[in-house]
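This is what each chain is made of:
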Amino acid sequence: MFLVLNLGPLSIPLPEFILLIGFWAGSALSERRAKLYYLDPNVLEPLLWTSLGLGLIGARLSFIARYPYAFKGQLRSIISLNPGLLDPVGGFLIAAFAGYIIITRRNLLLWTVLDSLTPFFGIMAAAVHLSRFASGNGYGSLSTLPWAVNLWGSNRHPVQLYLCGAAILTLIGVMQISYLKQPFPGNIFLSFTMATVGYFLFLSRYQAPGKILFEGLRVNQIVSWVILCFTLLLSTLFSVSKRRIVIDDA
Amino acid sequence: MVNFWASWCPPCRAEMPAFQQIVEEYHSTDLIIAAVNLTNQDSLSDAREFINKYQLTFPILFDSNGSASQAYNVYSLPTTFFINRQGYIQKIIIGGPIPISLLRVELDKLLEEEP
């Protein structure tokens, strides 16, 4: 674990710092590549920052909704700056919903915006895994391999680093295909999602046992399979409808 | 729960009343709170004065040679470790003050584990 980065008199919380750097680098890269999709780069920055702001508020509200008893007699905690009082899943869902509302109200094409934001998602995926390695969260299963890391009293797979490496490779792959002619809008985003879920399903076998829903099946694996099936379905539907348009035109 | 603190550290001072409140709220559970004073970086008399002023009833340990803070790799104050029944660190919170709400959520997670 690398929880703190000591720079002179400053002690910077490294996991949060990595996420901040990831957000900045991801948004900068997406803005630079927006022209590939005929999008105004100035549209993406407010979209990301507004979604982030609303996502943070949503994460706090979601945390309060999950643990209302914790705030009994402690209403001041609702506005505490402590990031521990945030629910990441609730925050992500609310940020995604806020982003969708902004995109539709500005009459932007949803799938084109998602394609242009894919480098942002790619860098954020790598940053999240690296941040989890720094914080020790989402740690790996027991291992005797020479590169195993000692955590919580045992040698374990550095699974967050495996996931970070896979995220970087996926990002490079997606950046390469983005220069090619796309069969339909959303192809880059859907390909990225499928690759991300694919490597997660493969590498999650090295994670320490998490919440198990049925016998042997973990919650995050089930969610991954659902996302993979949904993405494949969307991709097939878009591909078929594009082919129909081409045949009709002919 | 193990907390590292010093009397000259403002967030450490700010979160101590919350720990005392938690001790009182969770008195019927298996929760143990230990606050380790970094005495090698603090004044023993100031630390004692602080403990008396806030009437802290949980165990306060004095790390006079810095060996405990070295063993726990404490780089900044306050640092709080949440340790489960098996003795494994489950969460580390660096900085403070930790809100009581967060303490309740994290401690309940640990106490829910099977003994």
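Everything in this summary refers to the structure shown in the same document. As the structure is a computational prediction, the values presented were derived from the model and not from experiment.

Some details on the overall build of chain A
- From N to C terminus, chain A includes seven helices and six strands.
- In chain A, the succession of helices and strands from N to C terminus is β-β-α-α-α-α-β-β-α-α-β-β-α.
- Projected onto its principal axes, the C-alpha positions of chain A cover 65 × 45 × 45 Å.
- For chain A, the proportion of its 250 residues judged to be buried stands at 44%.
- A fraction of 64% describes how many contacts in chain A between residues 6 or more apart in sequence connect residues 24 or more apart.

Comments concerning the interface of chain A and chain B
- Between chain A and chain B, the residue contacts involve 19 residues of the former and 19 residues of the latter.
- Run the count over chain A and chain B and you get zero salt bridges.
- Grouping the constituent residues of the side of chain A that touches chain B by class yields ten nonpolar, eight polar and one charged.

Section: the nonpolar core
- In terms of nonpolar packing, the biggest core is built from 43 residues, with Phe-4, Trp-5, Met-16, Phe-58, Leu-77 and Leu-103 of chain B touching the most fellow members.
- Looking at this core, the elements with two or more residues in it are α2 (41–66) of chain A together with β1 (2–5), α1 (10–25), β2 (34–37), α2 (44–54), β4 (79–83), β5 (89–94) and α4 (100–112) of chain B.
- Sorting elements by how many residues they give to this core places α4 of chain B first, with six residues.
- Leaving out residues up to four positions away in the same chain, Leu-103 of chain B has contacts with Met-1, Ala-18, Phe-19, Ile-22, Phe-82 and Ile-98 of chain B.
- In this structure, Leu-39, Leu-44, Ile-103 and Val-113 of chain A belong to the second largest nonpolar core, which totals twelve residues.

Let's talk about the packing of aromatic side chains
Residues and elements named next belong to chain A.
- Counted under the stated rule, the structure contains 17 aromatic pairs over all chains.
- Seen in terms of ring centroids, Phe-184 and Phe-238 are 5.6 Å apart; in terms of plane orientation they differ by 65 degrees. Their pairing is edge-to-face. Here the residue Phe-184 occupies a position in the loop between α5 (159–177) and α6 (187–203), and Phe-238 occupies one in helix α7 (residues 219–249), the gap between them amounting to 54 residues.
- Among the residues examined, Phe-238 registers a relative accessible area of 21% and is labelled partly exposed.

A short note on unusual backbone geometry
All names here are of chain B.
- In this structure, the amide linkage connecting Leu-77 to the following residue, Pro-78, adopts the cis form with an omega of -10 degrees.
- With respect to the secondary-structure elements, Pro-78 resides in the loop between α3 (67–71) and β4.
- Notably, Gln-55 is not glycine yet its phi reads approximately 50 degrees, a positive angle.
- Of note, Gln-55 is situated in the loop between α2 and β3 (60–62).
- On the basis of relative accessibility, which here comes to 62%, the residue Gln-55 falls in the exposed class.
- Positive phi outside glycine occurs at Asn-73, with the angle close to 50 degrees.

Quick look at the packing of helix α1 (residues 14–32) of chain A against helix α4 (residues 110–135) of chain A
All names here are of chain A.
- Two numbers describe how α1 lies on α4: the axes approach to 8 Å, and their chain directions differ by 170 degrees. Taken together, the axes of α1 and α4 are roughly antiparallel relative to one another. The handedness of the crossing between α1 and α4 is right-handed. When α1 is examined against α4, the residues Leu-14, Pro-15, Ile-18, Leu-19, Gly-22, Phe-23, Ala-25, Gly-26, Ser-27, Leu-29 and Ser-30 are found in contact with a partner set consisting of Ser-116, Leu-117, Pro-119, Phe-120, Ile-123, Met-124, Ala-127, Val-128, Leu-130, Ser-131, Ala-134 and Ser-135.

A short note on the sheet that holds β2 of chain B
All names here are of chain B.
- Here we have five strands laid out as an open sheet, ordered β3-β2-β1-β4-β5, and mixed in their pairing. Only two strands of the sheet have a single partner each, and these edge strands are β3 and β5. Neighbour-to-neighbour, the strand axes of this sheet turn through a mean angle of 20 degrees, independent of strand direction.
- One ladder, built from five bridges, connects β4 with β5; its direction is antiparallel. The residue of β5 that forms the bridge with Thr-80 is Ile-93.
- Where α1 meets the sheet, its contacts fall on β1, β2 and β4, and the angle it forms with β1 comes to roughly 150 degrees.

Quick word on the side chain of Ser-116 of chain A
Residue and element names in this part refer to chain A.
- Turning to its location among the elements, Ser-116 is positioned in helix α4.
- Accessibility expressed as a relative area gives 0% for Ser-116, which makes it buried.
- Among residues more than four places away in sequence, those in contact with Ser-116 are Ser-30, Tyr-37, Leu-39 and Leu-44.

Notes on the pairing of strand β1 (residues 4–7) of chain A
Residues and elements named next belong to chain A.
- As paired elements, β1 and strand β2 (residues 10–13) share four bridges and run antiparallel to each other. For Leu-7, the partnering residue across the bridge sits in β2 and is Leu-10.
- Hairpin remark: β1 followed by β2, antiparallel, with two residues in the connecting loop; positive phi at Gly-8, about 60 degrees.

A short note on the packing of α1 of chain A against α2 of chain A
All names here are of chain A.
- At a minimum axis separation of 9 Å, α1 and α2 run at an interaxial angle of 150 degrees. Taken together, the axes of α1 and α2 lie roughly antiparallel to each other. Viewed along their axes, α1 and α2 form a crossing whose handedness is right-handed. Together, Phe-23, Ser-27, Ser-30 and Glu-31 of α1 and Pro-41, Leu-44, Glu-45, Leu-48, Trp-49 and Leu-52 of α2 make up the contact between the two elements.
- Here the contact of α1 with α2 is composed, by residue class, of six nonpolar, two polar and two charged.

Criteria and cut-off values
- Residues numbered from 1 in each chain as written.
- Chains lettered and ligands numbered in written order.
- Predicted model: local features only at pLDDT ≥ 70, side-chain atom pairs only at ≥ 80, totals over all residues.
- Heavy atoms only, no water.
- Helix = DSSP H or I, 4+ residues; strand = E, 2+ residues; numbered from the N terminus.
- Buried < 20%, exposed > 50% of the residue type's maximum accessible area, 1.4 Å probe, protein only.
- Contact = heavy atoms within 4.5 Å.
- Salt bridge = Lys/Arg side-chain N within 4 Å of Asp/Glu carboxyl O.
- Nonpolar A, V, L, I, M, F, W, Y, C, P; charged D, E, K, R; others polar.
- Core = buried A, V, L, I, M, F, W, Y, C linked by side-chain atoms within 4.5 Å.
- Phe/Tyr/Trp six-rings, centres within 6.5 Å; stacked < 30°, edge-to-face > 60°.
- Axes fitted to C-alpha atoms, helices over the stretch in contact; angles between N-to-C directions.
- Parallel < 35°, antiparallel > 145°, perpendicular 65-115°, else oblique.
- Left-handed = near helix turned anticlockwise from the far one by under 90°.
- Pairing = 2+ DSSP bridges.

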